[in-house]
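An overview of the molecular structure
So the chains spell out like this:
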Amino acid sequence: FGTIKSGKLTFSARYNYNYNNQPRSYSGGNRRTVGETDSSASDLDYSGTSKGDGSFQSGSMEASYEIDTLRLVTMSFGLWGGKNKSDGETNTLATFPGTANELYNYVSNSHSKSSWYSIDGGIDYQRLFKVKDRMLTFSYKINTRPQTSDSYTEYEIDKGYNPDWADYLKRLRNLHNDGEQNTTEHTFQADYTTPIGKLHTLEAGAKYILRNNSSEDDRFDADDTGKYEYNKEQSSHYKHLNDIIAAYLGYGLKVKRLSGRLGVRYEHTIQDVKYLVGRGEDFTKNFDDVVPSASIGYKLTDMSNLRLGYNMRIYRPGIWYLNPYLNDSNPTNITQGNPNLDSEKSHAFNLSYSNFTQKFNVNLSLRYSFTNNSIEQISEMVPDTEIEGLKETTGKEVLYSTYQNIGKTKNASLSGYINWNATSNTRIYANVYGNYSYMEGANGLKNDGWNLFAYGGAQQTLPHDWRISLNVFGQTPWVMLQGKGSSYFDYGLSVNKSFF
């Protein structure tokens, strides 16, 4: 990391590189599949090993030039990302339910490598005026996120399989998948804010985002001689062009101890989807979203405030959710995106209280939010004949996963931060977050529950610039749609000495 300053120009840069090597790991599990007939049902037991290595790097550069006391230009460039390589082996054994009678047995070997990066840059121009708090800014940003993936899957099938599963096992061909995805985004933005008299503030702005998503998934099947041939039918080249035009207007009012803000943002989104190779039909889809926000605050004392607010957020699905490419490289676990997804809309209400003094600081926040159309992954066992576009079906049940706007979530939370300077050398602090979640998903799935996160500690400053700190933090299991996560508890003791 380094910084250089010369006159009105300031420049800084940093770079970081990491390498990791994952030794061989072992895993296993089992799954029961239920078919339309007894002959299509099975108990699956699988075990496997894997190993790999990877690297990660990040860096950034920033520069600013102060033209004069009213005008400033800033520029930035950054990147982060890395590469991974892995090798794995999985053994799959299928038996007739409740017995040791073997239906089939095969080993799959996988070799894969991937890369992902995010590269961005931008330039901003800021113009102040002699009128206090009046400001005009123009901004341009560019971001590109290239990704690559290259994988081979090779099967070794035990020849002593049950004849009823012969057609199913024929689909276990050696595969080579070569994928490349990229998102390039240009953002143009202008913002203006100005006071009107002593009580009012007006804000306005406009933004245009040009986002180009592309995805190329090429599949190669091995023939009887082991030579890989390009499978155009099972490959997909896909472009998703996304234009977003937005404008906002905000109004602020401040009267003695009372302050308030109102805002509204309008967004028009144009989605143009083109299928260059493979299955799928071109389509264009538009969105119109009005996004309001409001808040009101009251200054109880010079050091304490009370604030009530509402805001709405929208989340547009990315290309990894939308891509309709049917990935059946593993014929027992088939995945596919959904190009008909809508953007998620989340509503949130927040009530907060803060009090800051030299001796005691406290911040409390009560929040309630809900979403009625969140994007959820749908996974279910279905006969492969019901999967549209799947070739060489056998009638056996497979695990099929895709995405839909069927999720509903409700969250109520209370968070608090407290810092007490008990003496000039003693500080006690705590940060607590409690949350109640309710979720609905596919196939009637529901779950709800509480979870709590707490962090606290004490710090004592000793003579001769010594400090001793004790910290304790933990979390109860967090709630998911299907089950709960894990809890943890941790504590740490540190001793520090300052020099020079």
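For clarity, every value in this text was computed on a predicted model and none was experimentally measured.

Here we look at the nonpolar core
One finds L44, A94, L103, Y104, Y106, Y155, W165, Y168, L169 and L172 forming the largest nonpolar core, which totals 10 residues. Looking at this core, the elements that each hand over two or more residues are strand 5 (102–128) and helix 1 (166–170). What Y104 contacts, discounting residues up to four positions off in sequence, is L44, T92, L93, A94, Y161, W165, Y168 and L169.

Quick notes on the pattern of salt bridges
Should their charged atoms come close, side chains of opposite charge can pair. In total, this model carries 8 salt bridges according to the counting rule given. For R211, the salt bridge goes to E185, with nearest N and O atoms at 2.5 Å. Separated by 26 residues along the polypeptide, R211 in strand 9 (residues 200–222) and E185 in strand 8 (residues 175–196) bring together distant segments of the chain. Look at E185 and you get buried, because its relative accessible area is 16%.

What about the layout of surface pockets?
Empty space left among the atoms is revealed by rolling a probe the size of a water molecule over them. Considered as a void within the structure, the largest pocket measures approximately 1000 Å³ in volume. Lining the largest pocket are 47 residues, and of these S149, Q181, D217, N327 and T335 sit closest to its centre. Grouping the constituent residues of the lining of the largest pocket by class yields 6 nonpolar, 33 polar and 8 charged.

Quick notes on the side chain of E267
Mapped onto the fold, E267 is located in strand 11 (residues 258–277). Here E267 falls in the buried class, since its relative accessible area comes to 7%. Within polar-contact distance, the side chain of E267 engages the side chain of R265 at 2.6 Å. The contact partners of E267, leaving out residues within four places of it in the chain, are I244, I245, A246, F287, D288, D289, I314 and R316.

Some words on unusual backbone geometry
Its identity is not glycine, yet H464 carries a phi of approximately 60°, on the positive side. Looking at the element boundaries, H464 is found in the loop between strand 19 (446–462) and strand 20 (466–475). Even without being glycine, D465 reaches a positive phi, approximately 60°. Note that D465 resides in the loop between strand 19 and strand 20. The exposed category is assigned to D465, whose relative accessible area is 51%.

Notes on the environment of V382
Position of V382 among the secondary structure elements: in strand 16 (residues 360–383). By relative accessible area, which is 11% here, V382 ends up buried. Sequence-distant contacts of V382, that is, excluding residues within four places in its chain, are made with I387, K396, E397, V398 and Y400.

Thoughts on the pairing of strand 8
Bridging between strand 6 (residues 135–144) and strand 8 involves 10 bridges; their strand directions are antiparallel. Across the sheet, the residue bridging to K141 is T187, located in strand 8. Inspection of the sheet shows strand 7 (residues 147–157) paired to strand 8 by 7 bridges, in the antiparallel sense. Bridging from a neighbouring strand, S149 pairs with G179 of strand 8. Bridge count for strand 8 against strand 9 is 22 bridges, and the pairing is antiparallel. Across the sheet, residue Q189 finds its bridge partner in strand 9, namely K207. As consecutive antiparallel partners, strand 8 and strand 9 are separated by 3 residues, and within that stretch G197 has a phi angle of approximately 70°, a positive value.

Criteria and cut-off values
Residues numbered from 1 in each chain as written. Predicted model: local features only at pLDDT ≥ 70, side-chain atom pairs only at ≥ 80, totals over all residues. Heavy atoms only, no water. Core = buried A, V, L, I, M, F, W, Y, C linked by side-chain atoms within 4.5 Å. Buried < 20%, exposed > 50% of the residue type's maximum accessible area, 1.4 Å probe, protein only. Helix = DSSP H or I, 4+ residues; strand = E, 2+ residues; numbered from the N terminus. Contact = heavy atoms within 4.5 Å. Salt bridge = Lys/Arg side-chain N within 4 Å of Asp/Glu carboxyl O. 1 Å grid on protein atoms, 1.4 Å probe; cavity = no way out; pocket = protein on both sides within 12 Å on 5 of 7 lines; lining within 4 Å. Points joined across faces, edges and corners; volume = space filled by probe spheres on them. Nonpolar A, V, L, I, M, F, W, Y, C, P; charged D, E, K, R; others polar. Polar contact = N/O pair within 3.5 Å; in protein donor to acceptor, adjacent residues only side chain to side chain. Pairing = 2+ DSSP bridges.

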